[in-house]
Amino acid sequence: MKSEAAKTPFVILTSQRSGSTWLVSLLNQLKDTKAYGELFLPRKHVENWDADFAYPRFDEVRGQMAGIRPARVFHYLDGVYQHRGAVGFKLMYSQLYRYPELLIYFWTHRVRVVHLVRKNALDFVISQTLKRKIQKAHRLADDPPLEDVQIELDPKTLIHRLQVRQRKSKRGQMILRLSGLRSIEIGYEDLQKDPSVFQSLCEFLSIETDVMPQSRFQKVRSKTQDQIIKNYSEVKQVLEGTGFLSYLE
């Protein structure tokens with residue numbers, strides 16, 4: 001029985017706009033599994049759509065613990081991982097850089113790392129730009145669809161934004177290689193298209209399941225790239241002759 005199994009602590013290492021909230025919502029529907037949001041986000045938690053998988057953030061409770069910061073972080077994580085079964089949380093690259101002692105805790109406590117990446121850097125830029133335009137990061141499944149929404153991408157900064165995105169993912173891969181942590185890399189796009197990828201993830205986390213649950217969230221963008229990008233032809237021209245052209249649909 002899963003409830004009799006040893007604890008399986010894990011962390012989802014990723015960046016914004018990579019489908020991590022969607023993944024957390026899937027994991028939380030599985031038996032004996034708890035997946036929390038960004039526990040090291042430097043602001044207090046706000047009760048909203050993610051209340052079902054909320055947990056007090058480190059910044060909210062750090063003042064209640066004694067000792068230097070690494071000791072407080074370790075004590076905090078002991079509380080996060082106290083339950084049996086698979087328990088984990090989201091960790092952005094920037095948060096790991098701010099709290100490098102997390103790597104020591106992960107290594108000494110055999111925390112498994114799910115490296116969630118969005119392979120298509122252009123889709124990331126689209127998602128980031130769309131979020132800023134509609135002022136909303138996530139959409140619930142029963143929200144009405146977005147109608148007639150388009151964005152424009154600045155051709156002068158597009159290549160730089162794509163390069164920054166690539167560097168962040170590669171830096172995350174390098175950290176995991178050097179750390180020796182037990183890890184698996186999962187592509188957001190692959191998770192959406194192939195249920196067997198989710199099954200492989202569950203096996204990595206020692207979670208017993210035969211089906212991939214339905215998420216309570218819908219994709220913010222339902223249109224194709226050429227439908228959502230108002231200056232699509234200009235974007236295509238900028239990407240011509242670069243390694244980023246393959247990101248176009």
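Anything mentioned here points back to the structure above.
Residues numbered from 1 in each chain as written. Predicted model: local features only at pLDDT ≥ 70, side-chain atom pairs only at ≥ 80, totals over all residues. Heavy atoms only, no water.

Participant: How do you make sense of the packing of aromatic side chains when you look at a structure like this?
Facilitator: Pairs of aromatic rings are described using the distance from one ring centre to the other and the angle between the two planes. Summed over all chains, the structure comprises 13 aromatic pairs. Ring geometry for Phe58 versus Tyr76: centroids 5.4 Å apart, planes at 70°, classification edge-to-face. With a gap of 18 residues between them, Phe58 in helix α2 (residues 58–61) and Tyr76 in helix α3 (residues 69–80) connect regions that are remote in the sequence. By relative accessible area, which is 0% here, Phe58 ends up buried. Seen in terms of ring centroids, Phe58 and Tyr99 are 5.7 Å apart; in terms of plane orientation they differ by 85°. Their pairing is edge-to-face. Of this pair, Phe58 sits in helix α2 while Tyr99 sits in the loop between α4 (93–98) and α5 (101–108), and the two are 41 residues apart along the sequence. Taken individually, Phe58 and Tyr99 each receive the classification buried, so the pair is uniform in this respect. (Phe/Tyr/Trp six-rings, centres within 6.5 Å; stacked < 30°, edge-to-face > 60°. Helix = DSSP H or I, 4+ residues; strand = E, 2+ residues; numbered from the N terminus. Buried < 20%, exposed > 50% of the residue type's maximum accessible area, 1.4 Å probe, protein only.)

Participant: Can you walk me through the environment of Lys119 in this structure?
Facilitator: Mapped onto the secondary structure, Lys119 falls in the loop between β4 (112–117) and α6 (121–134). The class of Lys119 is partly exposed, set by a relative accessible area of 46%. With 70 residues separating them in the primary sequence, Lys119 and Glu189 have C-alpha atoms 7.1 Å apart. Once residues lying within four places of it in the same chain are set aside, the contact partners of Lys119 are Gly187, Glu189, Asp190 and Tyr247. Among the polar contacts made by the side chain of Lys119, one reaches the side chain of Asp190 at a distance of 2.6 Å. (Contact = heavy atoms within 4.5 Å. Polar contact = N/O pair within 3.5 Å; in protein donor to acceptor, adjacent residues only side chain to side chain.)

Read these as geometric descriptors, not functional statements.
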